[in-house]
Amino acid sequence: MAGIDALLWDVDGVLAETERDGHRVAFNQAFEALGLPWHWSETRYGQLLHVTGGRERLLADMAARADAPALARDRETLARSLHARKNATYADLVANGTVALRGGVLPLMQECRARGVRMGIASTTSRANVDALLQRHLGASWQDRFAAVVCGEDVRRKKPDPEVYLAALRRLGETAARVVAIEDSPAGVAAARAAGLAVLVTRSAYFAADPVAGAIAVGPGLHDRRGWRPALHRDDPGTWRIGLDDIAAWVERRETVAQHD
Ligand code: XBP
């Protein structure tokens, strides 16, 4: 379609509120399972989310704890065990339907398919987590819907490094000019921008108010036509959601939101 050949989806926070309802809960279950008296409150998890990567997040938390193993080697071993446990629990949680897709996500995916706009996944979460979430919501053959799926294991550097987006563009065989990323976190926006992409920001629970720089538009989610900056170019009483024409209009304007608090 005019202006857009492909959309690249971030996963955590964009497709679903996985952090609040999934990963945090699973981390806490992993602490319990390994006999650790640790617990990440919603507030503490929000602080830790500025570290991308679950294993890296565990190591960052241990660095601030008096009761973590003293040796770096032992912390690394513990982080790997906890992370493996967390991912297994997370997979169970999403398989049981604990984590829903956010509103407007599925209709936009269906619209992409109907209008010949290709899609990719660009996430630095583990592949098993993406697989669990999308199997639950899109079925066993979910990968067929995406021309590129790039996850944490495929990159050396996680977001805000642009590696994941550059790899997704390579797999799509596209340059950045006609591809739009959908993100929620400052690190994700920075990664997509550094890869040269236009970025749409759908605010998530944990990054509801963080300043983000350089997005083509920032708003509450694909499920809501109110509260977007810049405002939607057209009032369409016939729809409740954000669609490809809305995104194309923002791309065409190329008016970036310098900063949104
Ligand atoms: C999200 C992350 C991940 C998830 C947990 O990455 O930072 O660490 O919180 O997943 P993105 P893992 O910004 O690409 O959405 O435990 O697999 O890391």
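Colleague: Would you explain the overall build of the protein chain in this entry?
Modeller: When helices and strands are tallied, the protein chain shows nine helices and six strands. For 261 residues, the compact-globule formula gives about 18 Å, and the C-alpha radius of gyration of the protein chain, at 18 Å, lands near that figure. Based on the C-alpha atoms only, the size of the protein chain along its principal axes is roughly 55 × 40 × 35 Å. Relative to its 261 residues, the protein chain shows a buried fraction of 53%. Excluding contacts between residues fewer than 6 apart, the proportion of contacts in the protein chain whose partners are at least 24 apart in sequence is 63%. Entry remark: accessible area of the protein chain is about 11,100 Å², with carbon and sulfur atoms responsible for 49%. Between the centroid of the 34 positive side chains of the protein chain and the centroid of its 33 negative side chains there is a distance of 2 Å.

Colleague: I keep staring at the sheet that holds strand S6 (residues 217-219) and nothing clicks. Help me out?
Modeller: To summarise the sheet geometry, strands pair through backbone hydrogen bonds and adopt either a parallel or an antiparallel arrangement. Spatially, the six strands line up as an open sheet ordered S3-S2-S1-S4-S5-S6, and their pairing is parallel. Each edge of the open sheet is held by one strand with a lone partner, namely strand S3 (148-150) and S6. Direction aside, the axes of adjacent strands within the sheet are offset by 20° on average. As paired strands, strand S4 (residues 179-183) and strand S5 (residues 198-202) are joined by four bridges and run parallel to one another. Looking at S5, one finds that Val-180 is bridged to Ala-198.

Colleague: How should the packing of helix H4 (residues 72-95) against helix H6 (residues 127-138) be read in this particular structure?
Modeller: At a minimum axis separation of 9 Å, H4 and H6 run at an interaxial angle of 10°. Here H6 runs roughly parallel to H4, going by the angle between their axes. Mapping the contact onto sequence places Lys-86, Asn-87, Tyr-90, Ala-91, Val-94 and Ala-95 in H4 and Asn-129, Ala-132, Leu-133 and Arg-136 in H6. Looking at the contact of H4 with H6, its residues break down into six nonpolar, two polar and two charged.

Colleague: Teacher, can you tell me more about the pairing of S5 here?
Modeller: Strand residues, when the strand is regular, have side chains that alternate between the two faces of the sheet. With respect to burial, S5 is a largely interior element, five of its five residues being buried. Burial of S5 is two-sided: the residues Ala-198, Leu-200 and Thr-202 facing one way and the residues Val-199 and Val-201 facing the other way are all buried. In the sheet, S5 pairs with S6 via three bridges, with the strands oriented parallel. Within S6, the position partnered with Val-201 by the bridge is Val-218.

Colleague: What am I meant to see in the site of the ligand here?
Modeller: For the ligand, the set of nearby residues contains 18 residues, the closest of which are Glu-19, His-83, Lys-86, Thr-124 and Ser-126. A distance of 2.7 Å separates an oxygen atom of the ligand from a polar side-chain atom of Arg-57. Within the contact set of the ligand, an oxygen atom lies 2.7 Å away from a side-chain nitrogen or oxygen of Thr-125. Given that more than half its atoms are within 2 Å of the pocket grid, the ligand belongs to the largest pocket. Elements that contribute at least two residues to the shell around the ligand include exactly helix H1 (18-33), helix H3 (54-63) and H4. If you tally residues by element for the shell around the ligand, the top one is H4, at three residues. Of the residues assigned to the shell around the ligand, the class counts are one nonpolar, 11 polar and six charged. Of the domains in this structure, domain 1 (6-17 + 100-259) and domain 2 (19-95) are the two that each give at least three residues to the shell around the ligand.

Colleague: What is the right way to read the domain arrangement of the protein chain from this model?
Modeller: Where interface size is quoted, it is often the accessible area lost as the parts come together. Assigned domains within the protein chain: domain 1 (6-17 + 100-259) and domain 2 (19-95). If you average the C-alpha positions of domain 1 and of domain 2, the two centres end up 26 Å apart. The interface is formed by 16 residues belonging to domain 1 together with 21 residues belonging to domain 2. Both sides together, the interface formed by domain 1 and domain 2 hides about 1,500 Å², and carbon and sulfur atoms give 55% of it.

Reading the values: the criteria
- Positions within a chain are numbered from 1, following the residues in the order the chain's sequence is written.
- Reporting of local features is limited, given that this is a predicted model, to residues whose pLDDT is at least 70; pairs of side-chain atoms are given and counted only at 80 or more, and all residues count toward the totals for whole chains, interfaces and linings.
- Each side-chain value is derived from all of the structure's non-hydrogen atoms; neither hydrogens nor water enter the calculation.
- Secondary structure elements are taken from DSSP: a helix is a run of H or I of four residues or more, a strand is a run of E of two residues or more, and numbering for both begins at the N terminus.
- In this description the radius of gyration comes from C-alpha coordinates, and the expected globular size is given by 2.2 Å times residues to the power 0.38.
- Throughout, exposure labels follow a simple rule: accessible area from a 1.4 Å probe, protein chains only, divided by the maximum for the residue type, with under 20% read as buried, over 50% as exposed, and the rest as partly exposed.
- By the convention used here, residues are in contact when the closest approach between their heavy atoms is within 4.5 Å.
- Using a 1.4 Å probe, the Shrake-Rupley method yields the accessible areas, and only the shown protein chains count as cover for residues.
- Note that His is not counted, nor are the chain ends; the positive residues are Lys and Arg, and the negative ones are Asp and Glu.
- Think of each charge as sitting on NZ of Lys, CZ of Arg, CG of Asp or CD of Glu.
- Here, strands pair whenever DSSP counts at least two bridges between them.
- Lines fitted to the C-alpha atoms define the axes, with helices restricted to the stretch that makes contact. Angles between their N-to-C directions range from 0 to 180 degrees.
- Oblique is the label for any angle not covered by the other classes, which are roughly parallel (under 35 degrees), roughly antiparallel (over 145) and roughly perpendicular (65 to 115).
- Classification convention: Asp, Glu, Lys, Arg as charged; Ala, Val, Leu, Ile, Met, Phe, Trp, Tyr, Cys, Pro as nonpolar; all other residues, Gly among them, as polar.
- In this text, near means that some heavy atom of the residue lies within 4 Å of the molecule or strand in question.
- Polar contact is the term for a pair of N or O atoms within 3.5 Å; when the atoms are in protein, one must be able to donate a hydrogen and the other to accept it, and sequence-neighboring residues count only if both atoms are side-chain atoms.
- Grid points spaced at 1 Å over the protein atoms alone were grouped into cavities, where a 1.4 Å probe fits but cannot get out, and pockets, open sets with protein on both sides within 12 Å along at least five of seven lines, with lining residues defined by an atom within 4 Å of a point.
- Think of it this way: if more than half of a molecule's atoms are within 2 Å of a pocket's grid points, that molecule is in the pocket or cavity.
- Domain delimitation in this document rests on an assignment produced automatically or drawn from a domain database.
- As used here, buried area is the combined drop in accessible area, with a 1.4 Å probe, of two parts when they are placed together.

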